[in-house]
Amino acid sequence: MTLPSTIASRFLTNPNQLGVVAVGFNGGQYKKGVEAAPMALIESGLLTQLRDDLDYDVQHDDTVHYYEKDIPAEDQDPEHRGMKKPRAVSAVTERLSSQVYNYAKDGKFVLTLGGDHSIAIGTISGTAKAIRERLGREMAVIWVDAHADINIPETSDSGNIHGMPMAFLTRLAREDRRDIFGWLHDEHIVSTRKLVYIGLRDVDRGEKKILRDNGIKAFSMHDIDRHGIGRVVDMALAHIGNDVPIHLSFDVDALDPQWAPSTGTPVRGGLTLREGDFICECVHETGNLVAMDLVEVNPSLESVGAAETIRAGCSLVRSALGDTLL
Ligand SMILES: NC(=[NH2+])NCCC[C@H](N)C(=O)O
Ligand SMILES: [Mn+2]
Ligand SMILES: [Mn+2]
């Protein structure tokens, strides 16, 4: 049985209204299939559960956005500073940013179903802008992931932009060309002091230096083994402070491949599903959560594990939205 639940967030004016954006985008990396995740999550009943079991007023345009019209032809989108498909990712995230902003400016919770993790450039910039305008405050980001996704173009070995979103969102990476993230303005930006990572275990050399040089708070799997998930979540939330709006960006590859095998860059030694759900539950309990992304579910990569991964993704979202709390 589930008790009626709302996002008791003091930062939302419509805490019961859930704006959902389904983003079928895969251009931040090179494996096909991640664009099918939003449809798979919805078909498995996620939105119905949020509506019927958790009593949310789910607002969704019944569309998975593929942004075909916004994406330039591949020969019009050559590499720039080693980044692959930079104009495509920029155009899609710019559109997404305003979609997210439009829900968030009305004080609604925004749930975005990706898509690869490059889409966070759109989601986080959209909520950050709305929170600034509405409340005159800075927002915090909790990034749950095996990866830090904070490469600047010059430190990335892959050139895949899904490994770079946090660098653009904090201005550690910068571009002035409008068609390559030049649309990101001060109101879209997140402070490195308000960013905290949980679950890291595959961080590139250059990224480690970026984290260190900027004093960014990060809890790796080593920290979770040492302190336990309970204390790690407490420390992460303490770092943010208890009166700060939170955007939760959850990469399903934070979970161990045992629970979420169907993802583009799986890394062994990850969170159990229960630990992932626990993080989401604790973030919900703060009453400060204003938006969530679920990304990198790729239903086409594992014939057997796809259903498992989709189920895990649904569970994470429900947990962040108040399920299972008595
Ligand atoms: N969102 C993700 N799954 N990111 C994986 C990034 C992997 C690697 N660090 C890269 O820059 O390419
Ligand atoms: Mn990842
Ligand atoms: Mn990621």
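Residues numbered from 1 in each chain as written. Chains lettered and ligands numbered in written order. Predicted model: local features only at pLDDT ≥ 70, side-chain atom pairs only at ≥ 80, totals over all residues. Heavy atoms only, no water.

The protein is annotated in an unreviewed UniProt entry as Arginase of Penicillium argentinense. Its UniProt record gives the protein the following Catalytic activity (unreviewed entry) comment, quoted word for word: "L-arginine + H2O = urea + L-ornithine". As its UniProt record puts it under Sequence similarities (unreviewed entry), the protein is described as follows: "Belongs to the arginase family." (UniProt positions renumbered as here; feature names shortened; annotations may be inferred.)

Draft legend 1. The arrangement of the coordination of the manganese ion (ligand 3) in detail. Note on the manganese ion (ligand 3): its protein donors are His117 (ND1), Asp145 (OD), Asp149 (OD) and Asp251 (OD). The metal-donor distances range over 2.0 to 2.2 Å. Between consecutive donor residues of the manganese ion (ligand 3), the sequence gaps follow H-x27-D-x3-D-x101-D. Between the manganese ion (ligand 3) and the manganese ion (ligand 2), a separation of 3.2 Å is found, and both are coordinated by Asp145. Pair noted here: Asp145 is in the loop between β5 (140-144) and α5 (165-170) and Asp251 is in strand β8 (residues 246-251), with a separation of 106 residues, a long-range link. Both residues of the pair, Asp145 and Asp251, count as buried. (Donors = N, O, S within 2.8 Å, 3.2 Å for Na, K, Ca; no water. Helix = DSSP H or I, 4+ residues; strand = E, 2+ residues; numbered from the N terminus. Buried < 20%, exposed > 50% of the residue type's maximum accessible area, 1.4 Å probe, protein only.)

Draft legend 2. Region of interest: the packing of aromatic side chains. Counted according to the given criterion, the structure contains one aromatic pair. A ring pair is formed by Phe168 and Phe181, whose centres lie 4.6 Å apart and whose planes are at 40°; its orientation type is tilted. Of this pair, Phe168 sits in helix α5 while Phe181 sits in helix α6 (residues 178-182); the two residues are 13 residues apart in sequence, bridging distant segments of the chain. A relative accessible area of 2% places Phe168 in the buried class. Since its relative accessible area comes to 2%, Phe181 is described here as buried. When the ring centre of Tyr30 is taken as reference, the NZ or CZ atom of Lys85 above it lies at 4.7 Å. (Phe/Tyr/Trp six-rings, centres within 6.5 Å; stacked < 30°, edge-to-face > 60°. Lys NZ or Arg CZ within 6 Å of the ring centre and 35° of its normal.)

Draft legend 3. Highlighting the coordination of the manganese ion (ligand 2). Every protein donor of the manganese ion (ligand 2) is accounted for by Asp145 (OD), His147 (ND1), Asp251 (OD), Asp253 (OD) and Asp253 (OD), and the metal-donor separations fall at 2.1 to 2.4 Å. Sequence positions of the donors to the manganese ion (ligand 2) reduce to the motif D-x1-H-x103-D-x1-D.

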